[in-house]
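Structure assessment
Okay, here's what each chain looks like letter by letter:
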Protein chains: 2
Amino acid sequence: MDVLKGAVDFVQNKTKVEINQRDIEKILSALNSTNHFWEVIFLSQKPFAVVRETINYLISIDFVKTDESGNLILTEKGKEFISANNIPVVKNYTCSYCEGRGIVFSEIKDAYEKFKEIVKTRPDAIVEYDQGYVTEETAYSRIALMIKKGDLVGKRLIVFGDDDLVSIAAALTKLPKEVIVLEIDKRLVDFINQAAKEHNLNLKAIEYDFRNKLPDDFVKSFDTFTIDPPETIEALDLCFTRTISSLKGAGCAGYFGLTNIEASLSKWHEFQKLLLNKFNAVITDIIENFNHYVNWNYLLPSLESSLTFVNVQPKLNWYTSSMYRIELVKDVDIKNEYINCELYIDKEAILYKEN
Amino acid sequence: MDVLKGAVDFVQNKTKVEINQRDIEKILSALNSTNHFWEVIFLSQKPFAVVRETINYLISIDFVKTDESGNLILTEKGKEFISANNIPVVKNYTCSYCEGRGIVFSEIKDAYEKFKEIVKTRPDAIVEYDQGYVTEETAYSRIALMIKKGDLVGKRLIVFGDDDLVSIAAALTKLPKEVIVLEIDKRLVDFINQAAKEHNLNLKAIEYDFRNKLPDDFVKSFDTFTIDPPETIEALDLCFTRTISSLKGAGCAGYFGLTNIEASLSKWHEFQKLLLNKFNAVITDIIENFNHYVNWNYLLPSLESSLTFVNVQPKLNWYTSSMYRIELVKDVDIKNEYINCELYIDKEAILYKEN
C-alpha cells in the first residue's frame, strides 16, 4: 500500500515521531467516522502532530479536502481507498454507564455532590503551567479506583500538582488518613487550603516546584501518590523521581494519566522501561480514556495554527488520557536533590512550535 | 505492626513468593468482607498460595477460625486488629453494566447469540492442558475490545490455544479477514473445524505444540494474536516467542490474560520487563478482572488439599484475569526453533504441590 508508506515517510519526516502504517490506517478509520479534527484525534488516539500531518498529506494527495468551516471531508479517491482496504467506520463499544472506566462511584456520591459545589469557583486553567483539568466524574472515578484497590482508606495520600483538585475530592470522602498537595501555582494552593478550612478537611497544600528536592519529611512517607505529569521523557523522569521518593516502600501505589495525544507509543515504551527498570515499579492497570479533560480556554489562541481544520472550536472533550496504576515491588533508593529540567515541551507536545 | 511482619515472614518462608505487608492487609480486608475462601482470593487478588498461607498464619495466631463447613470467621482478636488498623470492608465499585470491563458488545449481539448455541457442546476442560475457559460474555468483550482498537476488522487473527473458543467468537462476526488457531488438544481442533464447516466460517484450527517451531508460513504473517498463557516465566517467555514471531511488525497487537492468582506482582514485573526489553512491545491496556473463568470441574480433586477452608465448592467465578493489550513498537527478530520447557507449574501455580 504505497499510500500508507508515503504517509508514514511524510509524517515521520515532518514530526520526527516514530510511526507505522497502522497508525495511518487508524487515522483514516477516524476520518471515515467524523469530519471534526478534534474528534479524529479522539477516535484515532494518535499524537496531535501525527494526526495533523497525516491530514496534510491526505489533502496533498487529494484523499481529503476541507470546507469553509474547517470540516474534513473524504474525497471520492479517499473513499475508494478506504473501501478497497477494508478500513472500518469506528463504532462505539464503550460502556455508557461508566464512560468506559469500569468503575462507578455511587458509594461516595455525597462527597461528589459537595465537590461539584466547591469547584464552581476554581481558578482558571493557565498555559504557563500546562494546566487543563479533568471532569468531576473523572476525579471521583479516580478516587473510587483508589478505594477499590485498597490505596485510600486509612492511607496517606500525596497529590503532585493539583489543577484537577483531586485532593479535595479525596479529602471530602473522609476516608484517607491525610492528604498533602504539592503545587507550583499559588492560586491553587490558596484555593485548596481555603476549601480545607471551610469544610474542615484533613488536607494541606504547599507551594512546591518539582525541580526542588522533596521536603525531607515527605521522603518515604506516603502510601499513595497521584499526578498528571507533563509528557516529555525528561519531565516524566523528574516527576517519577519525586513521586516514587515519596512512597514508603514495596506495595505502595501511584496513579497518573498518560495520553496518546502528546505521547506516541514509542514514548510510552521508553517511559514504561523507566518505570520498570529504574523505579522498580510494576504496572497493574492501564485504563484507556479514563481521564476526560475539560476543554481549556487557552488552546486555540496558543496553537497559533494557520490550518483551517485545526482552527475549529472543539465540540467534544477530545483530550483524554489513560489511567495508570503502578505499584512498587521493591524498595528503591533515590537521591533527593535539585534537578533542572525543561518540563513541558517536546516534539510531541501540542504546543510544540516548529522553527 | 508486628502481626503484618510476622505474617510476611511466615508466608514468604512457606511459599517462596515475594510479598509485603500491604498484601497481608488486602487479605485481611477481604476476610473482613466474606467468609468464603475463594471469594477472599477474588477480593484480595493475591496468589492462591499466599492467601492460603496467610490464612494458616492468621489461624495460628487466633485471628481467624474455621467452622465445620469451612467458612472463615474473624475472631474477636482479629476484629480488634482490623478495627485498630483501619482495615476497610471491600465495597463494590465495579460497573455492573459492563462487569467492569468498560466495553459493551451490543454491536455484535447476533454473533454472540449464535456463539452461545455453538459452545453448548464444547469439550470439557481437562487438567492435562491447564484448561479452564472464559464466560461467553468475556469472549465477546474481548472481541469488542479488538474491534474498538482497530485490530480485528479486515485483519488476520491468530489464536494460540483456544479452550476459550474465541476463534469461533471472532469468526462469527465475519469481521476478520481470516482466523487461524494453533491448539495442542485434538478434541478442540476438531470441534473448531467442525463449527467452521457447519457455519461457513473463515476459520481453521491446526494441531500444534508450543515447543515446536512455528509453521514457516505463520512467521510475520498476522496482524493480531490472542492467547491465555500458562503463567510460569519460562512458559511466558516461550509463548511470547511464538506469538510475537507470528506478527507482521510494528503496530501489530496482542491480547492475553494474566492473573494475580497464579502470578504475583513480582512475577508481573519480571514478565513486563521481558515484554518491553526483549520483545519490543509496549503495554497499551491492562483491564483488571476482564476475563471471568468458569469454575473448572477438576479443581478440587486435583488440589488434594487437607485444609477444610480450601475444600469448599466455589460459589462464584472467583478465577479472573486482567486483560492485557500490547503493541509492537519496533520489528523484532526472533529465532524460530524447537524450545523445550516445563509449561505449567511453578511455585505460584495453584496446582503446585509442596514436597
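Summarised in this report is the structure supplied together with it.

Cut-offs used in this document
Residues numbered from 1 in each chain as written. Chains lettered and ligands numbered in written order. Predicted model: local features only at pLDDT ≥ 70, side-chain atom pairs only at ≥ 80, totals over all residues. Heavy atoms only, no water. Axes fitted to C-alpha atoms, helices over the stretch in contact; angles between N-to-C directions. Helix = DSSP H or I, 4+ residues; strand = E, 2+ residues; numbered from the N terminus. Left-handed = near helix turned anticlockwise from the far one by under 90°. Contact = heavy atoms within 4.5 Å. Nonpolar A, V, L, I, M, F, W, Y, C, P; charged D, E, K, R; others polar. Buried area = accessible area lost by both parts, 1.4 Å probe. Salt bridge = Lys/Arg side-chain N within 4 Å of Asp/Glu carboxyl O. Polar contact = N/O pair within 3.5 Å; in protein donor to acceptor, adjacent residues only side chain to side chain. Buried < 20%, exposed > 50% of the residue type's maximum accessible area, 1.4 Å probe, protein only. Least-squares fit on C-alpha atoms with pLDDT ≥ 70 in both. Pairing = 2+ DSSP bridges. Right-handed = clockwise from strand over helix to strand, strands pointing away. Parallel < 35°, antiparallel > 145°, perpendicular 65-115°, else oblique.

1. A short note on the packing of helix α6 (residues 109-118) of chain B against helix α7 (residues 136-148) of chain B
All names here are of chain B. Between α6 and α7, the shortest axis-to-axis distance is 11 Å and the interhelical angle comes to 145°. You can see that α6 and α7 cross each other, and the crossing is right-handed. The segment α6 lies against α7, with Ala-111, Tyr-112, Phe-115 and Lys-116 engaging Glu-136, Glu-137, Ala-139 and Tyr-140. Residues that form the contact of α6 with α7 fall into these classes: five nonpolar, no polar and three charged.

2. Focus: the interface of chain A and chain B
Reports of interface size often rely on the accessible area that becomes lost once the parts have come together. With 60 residues of chain A at the interface, the matching set in chain B holds 60 residues. The contact between chain A and chain B buries some 4800 Å² in all, and 53% of this surface belongs to carbon and sulfur atoms. Among the residues of chain A in contact with chain B, A:Arg22, A:Tyr93 and A:His269 are the three that bury the most area, contributing 17% of the side total. Applying the counting criterion to the chain A and chain B interface returns seven salt bridges. Of the charged contacts, one joins A:Glu25 and B:Lys155 as a salt bridge, the two residues approaching to 2.5 Å between their closest N and O atoms. At the junction of chain A and chain B, the tally comes to 17 residue pairs in polar contact (both at pLDDT 80 or more). Those elements that provide at least two residues to the side of chain A that touches chain B are α2 (21-31), α7 (136-148), α11 (265-278), β8 (281-292) and β9 (320-328) of chain A.

3. Considering the environment of B:Leu236
All names here are of chain B. By secondary structure assignment, the location of Leu-236 is in helix α10 (residues 233-246). On the basis of relative accessible area, Leu-236 is assigned to the buried category, the value being 1%. Leu-236 sits 47 residues away from Ile-283 along the chain, and the two C-alpha atoms are 15 Å apart. Other than its neighbours up to four places away in sequence, Leu-236 contacts Pro-229, Pro-230, Glu-231, Leu-258 and Phe-271.

4. Observations concerning the relation of the copies chain A and chain B
One copy of the chain maps onto the second through a rotation around an axis plus a translation along that axis. Between the two copies, chain A and chain B, the superposition gives an RMSD of 0.0 Å; the rotation angle is 180° and the shift along the axis is 0.0 Å. This pairing of chains is accounted for by a two-fold axis. In this assembly the copies share their binding face: 100% of the residues contributing to the interface of chain A also contribute to that of chain B.

5. A closer look at the pairing of strand β4 (residues 178-183) of chain A
Residue and element names in this part refer to chain A. Here β4 lies mainly inside the structure; five of its six residues are buried. For strand β3 (residues 156-160) and β4, the ladder comprises five bridges, and the chain directions are parallel. Within the sheet, the bridge partner assigned to Val-159 lies in β4 and is Val-181. Crossover connection from β3 via helix α8 (residues 166-172) to parallel β4: handedness right-handed. Pairing analysis gives five bridges linking β4 to strand β5 (residues 203-207), with the strands arranged parallel. Paired with Val-179 across the bridge in β5 is Leu-203. Handedness of the β-α-β unit built from β4, helix α9 (residues 186-198) and β5 comes out right-handed.

6. Details of the pattern of salt bridges
The final tally for this structure, using the stated rule, is 48 salt bridges over all chains. One salt bridge in this structure joins B:Glu288 and A:Lys149, with 3.0 Å as the shortest N-O distance. Placement of B:Glu288 in strand β8 (residues 281-292) and of A:Lys149 in the loop between α7 and β3 is noted, with the two residues assigned to different chains. A salt bridge links B:Asp185 to B:Arg187; its shortest N-O distance comes to 2.8 Å.

7. Looking at the packing of helix α1 (residues 2-15) of chain A against α2(A)
Residue and element names in this part refer to chain A. It is at 9 Å that the axes of α1 and α2 come closest, and there the two elements cross at 100°. Relative to α2, the element α1 is oriented roughly perpendicular. Across the interface between the two elements, Leu-4, Lys-5, Ala-7, Val-8 and Val-11 from α1 touch Gln-21, Ile-24, Glu-25 and Leu-28 from α2. Split into classes, the residues belonging to the contact of α1 with α2 amount to six nonpolar, one polar and two charged.

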